[in-house]
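The lines below spell out each chain.
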Amino acid sequence: MNETTSVQRKKPTNLTMGRGDYNQHSVESKIRRTCCQKILEYFRMIRFSLRALTYNSFTSKSIVLDTAMEPIFWIVDRLSRKIGPIMVVLVVVLTTYVVSFFYIILLPYLWNRGQFGVITFHWFFGHWLLVNIVFHYYKGVTTPPGEPPQILSDTNVATICKRCVGPKPPRTHHCSVCNHCILKMDHHCPWLNNCVGHFNHRYFMLFCIYMWLGTLYVCISVWDIFAEEFFDAKKTFYSFFSGGLLLKTIEVYKATQTNGTTLSPETVEKLKNMGGLSFSDGMYHKVVCLEFFLCIGVMIALGALTAWHARLICRGETSVEKHINDDERKRLKKVNVIYKNPYDFGARENWRIFLGLGEGRTFTRHVLLPSSHLPLENGLEWHYQVTKGYICNKYP
């Protein structure tokens, strides 16, 4: 009885200790939850403060992406400033090479065949293209694209550039390479080492057109010489592989199989003459092939670029404005409004305005021949037409 009573008395003691441990564990859990809640609350407060400080109603996914890509843009901008002069020198050197080919190889080639009428055509047409190419490239490189005045009252606009904190007229955009705003900015061209803007856009476009015509003209003119040289399989093989280890190994192997371990004087002379071609013949072959492949490569690449810019001009917009207009079309399509570029007056009128034709200026005198006339607009104020039902989304 006593043992049973003692056991029965011990049970409540163990139960009481278990409840105490449970209560202690519950208190510790509550403390942990309270700490986690406080940390989470602090985190929410910090996040809310950051959002409140950085809130901007103009923020969008594209702006966030631009901000994330800012380091890459910084590197590209610095590289563009460094390689710009190199690009200009490269254009001058390659153009000089193509022109020299005409004087040194093509014209003597035609003269020896008595094609004097063709020579006369090349003399006038080729020099007309050359003058236009050199003139428009020089003007594109040296003409400032145009900057807005720094006095706000001179622009009649209230928009301020967020980067250079200066007046920003319509169609004006900031160039991160030049580090200032450009009137009617299209893009920064490394081949010109200059921005393409309001006052040199015409020079850039006409240079592209005349240069494309020039490369097409060269490809057609030198085709006969190129076909004679390149499609001669033996000549092409020896020209491009002569002096190489493979060809010389084959020649040496053939010679040793014929004459034993020694090379005959004829074999030595043959190796010196680059596999059957003299040095002058080999260089002539390479120069002709390089001329043709260089021109056809430039013709394809420059043709695509020129077609792209011609399409933009037909629509009355620049490269920068195309992206803006595309975004506006998508936005207004949601409210059943068909957006139209306010500076689009039809392809023909857009080209007339772009070329600055008017006020007595003619296509023959001011487009087919070099001309330094200024654009019709001043770059600060523009004629425009507003889309019917247009709803403004943000400040210009």
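Residues numbered from 1 in each chain as written. Predicted model: local features only at pLDDT ≥ 70, side-chain atom pairs only at ≥ 80, totals over all residues. Heavy atoms only, no water.

Let us look at the overall build of the protein chain. Of the regular secondary structure elements, the protein chain holds 13 helices and four strands. Evaluated residue by residue, the protein chain yields a buried proportion of 34% over its 396 residues. Contacts in the protein chain between residues at least 24 apart in sequence constitute 65% of all its contacts with a sequence separation of at least 6. Total accessible area computed for the protein chain in this model is approximately 25,700 Å², and 65% of it derives from carbon and sulfur atoms. (Helix = DSSP H or I, 4+ residues; strand = E, 2+ residues; numbered from the N terminus. Buried < 20%, exposed > 50% of the residue type's maximum accessible area, 1.4 Å probe, protein only. Contact = heavy atoms within 4.5 Å. Areas by Shrake-Rupley, 256 points an atom, 1.4 Å probe, with all protein chains shown as cover.)

Once that is clear, we can look at the environment of Ile220. Along the chain, Ile220 falls in helix 5 (residues 201-221). With a relative accessible area of 60%, Ile220 lands in the exposed category.

Attention shifts here to the packing of helix 3 (residues 70-112) against helix 5. Here helix 3 crosses helix 5 at 30°, and the two axes come no closer than 12 Å. It follows that helix 3 is roughly parallel to helix 5 by the angle criterion. Read as a crossing pair, helix 3 and helix 5 show a hand that is left-handed. For the pair helix 3 and helix 5, contact is made by Thr95, Val98, Phe102 and Leu106 and by Met211, Tyr217, Val218 and Ser221, respectively. (Axes fitted to C-alpha atoms, helices over the stretch in contact; angles between N-to-C directions. Parallel < 35°, antiparallel > 145°, perpendicular 65-115°, else oblique. Left-handed = near helix turned anticlockwise from the far one by under 90°.)

A word on helix 12 (residues 347-355). Every buried residue of helix 12 is listed here: Asn350, Phe354 and Leu355. Relative to the axis of helix 12, the buried residues are bounded by an arc of 125° and lie together on one face. Trailing helix 12 by a residue or two, Gly356 shows a phi angle of about 70°, which is positive. (Arc of directions from axis to C-beta.)

Quick look at the packing of aromatic side chains now. Counted under the stated rule, the structure contains 20 aromatic pairs. Ring centres of Trp223 and Phe231 lie 6.0 Å apart, and the angle between their planes is 65°; on these two criteria the pair is classed as edge-to-face. A relative accessible area of 39% places Trp223 in the partly exposed class. When the centroid spacing of 5.8 Å and the interplanar angle of 85° are considered together, the rings of Trp351 and Phe354 count as edge-to-face. Taken together, the positions of Trp351 and Phe354, both in helix 12 and three residues apart, correspond to about one turn of that helix. Judged by relative accessible area, which is 22%, Trp351 ranks as partly exposed. The rings of Phe102, Phe121, Phe125, Trp128, Tyr210 and Tyr217 are connected pair by pair, giving a single aromatic cluster. (Phe/Tyr/Trp six-rings, centres within 6.5 Å; stacked < 30°, edge-to-face > 60°.)

This part takes up the packing of helix 4 (residues 116-142) against helix 5. Helix 5 packs onto helix 4 with a crossing angle of 150° between their chain directions and a minimal axis gap of 8 Å. Comparing their axes, helix 5 and helix 4 come out roughly antiparallel. The way helix 4 lies across helix 5 gives a crossing that is left-handed. Counted by class, the contact of helix 4 with helix 5 contains 14 nonpolar, seven polar and one charged residues. (Nonpolar A, V, L, I, M, F, W, Y, C, P; charged D, E, K, R; others polar.)

Quick look at the pattern of salt bridges now. If you walk through the whole model with that rule in mind, you get six salt bridges. Residue Asp326 is joined to Lys322 by a salt bridge in which the shortest nitrogen-to-oxygen separation is 2.8 Å. Pair noted here: Asp326 and Lys322 are both in helix 11 (residues 319-333), with a separation of four residues, about one helical turn. A relative accessible area of 22% places Asp326 in the partly exposed class. A salt bridge links Glu349 to Arg352, with the shortest nitrogen-to-oxygen separation between them at 2.6 Å. Placement of both Glu349 and Arg352 in helix 12 is noted, with a separation of three residues, approximately one turn of the helix. Classification of Arg352 by relative accessible area gives partly exposed; the value is 31%. Among the charged side chains, a network of salt bridges with common partners joins Lys322, Asp326 and Arg329. (Salt bridge = Lys/Arg side-chain N within 4 Å of Asp/Glu carboxyl O.)

The next point concerns a nonpolar patch on the surface. A cluster of nonpolar side chains, namely Leu65, Met69, Ile72, Phe73 and Val76, defines an oily patch on the protein surface of about 420 Å² accessible area. Sorting elements by how many residues they give to the nonpolar patch places helix 3 first, with three residues. As for its placement among the helices and strands, Ile72 is situated in helix 3. (Patch = residues over 30% accessible without salt bridge, like charges linked within 9 Å, V, L, I, M, F, W, Y side chains within 5 Å.)

We now examine the confidence of the model for the protein chain. Residues at a pLDDT of 70 or more form 75% of the protein chain, whose mean pLDDT is 81. Averaged over each element, pLDDT in the protein chain is lowest for helix 9 (residues 265-272) (56) and highest for helix 5 (96). Within the model, pLDDT remains below 50 along residues 1-17, and this stretch shows zero contacts once partners closer than five positions in the same chain are excluded. (pLDDT = per-residue confidence, 0-100.)

Attention now goes to the environment of Asp186. Along the chain, Asp186 falls in the loop between strand 2 (180-182) and strand 3 (187-189). Separated by 41 residues in the primary sequence, Asp186 and Pro145 place their C-alpha atoms 9.8 Å from one another. Among all residues touching Asp186, those that are not within four sequence positions of it are Val196, His201, His309, Thr318, Ser319 and Val320. There is a polar contact of 2.6 Å between the side chain of Asp186 and the side chain of His187. (Polar contact = N/O pair within 3.5 Å; in protein donor to acceptor, adjacent residues only side chain to side chain.)

What follows is about the state of the cysteines. The tally for this structure, following the rule as stated, stands at zero disulfides. Free cysteine Cys295: the closest other cysteine sulfur is in Cys219, separated by 5.2 Å. (Disulfide = S-S within 2.5 Å.)

Attention now moves to unusual backbone geometry. The phi angle at Lys184 is positive, at roughly 45°, despite the residue not being glycine. Residue placement: Lys184 occurs in the loop between strand 2 and strand 3. Residues other than glycine seldom take positive phi values, yet Asn336 does so here, at roughly 60°. Here Asn336 lies in the loop between helix 11 and helix 12.

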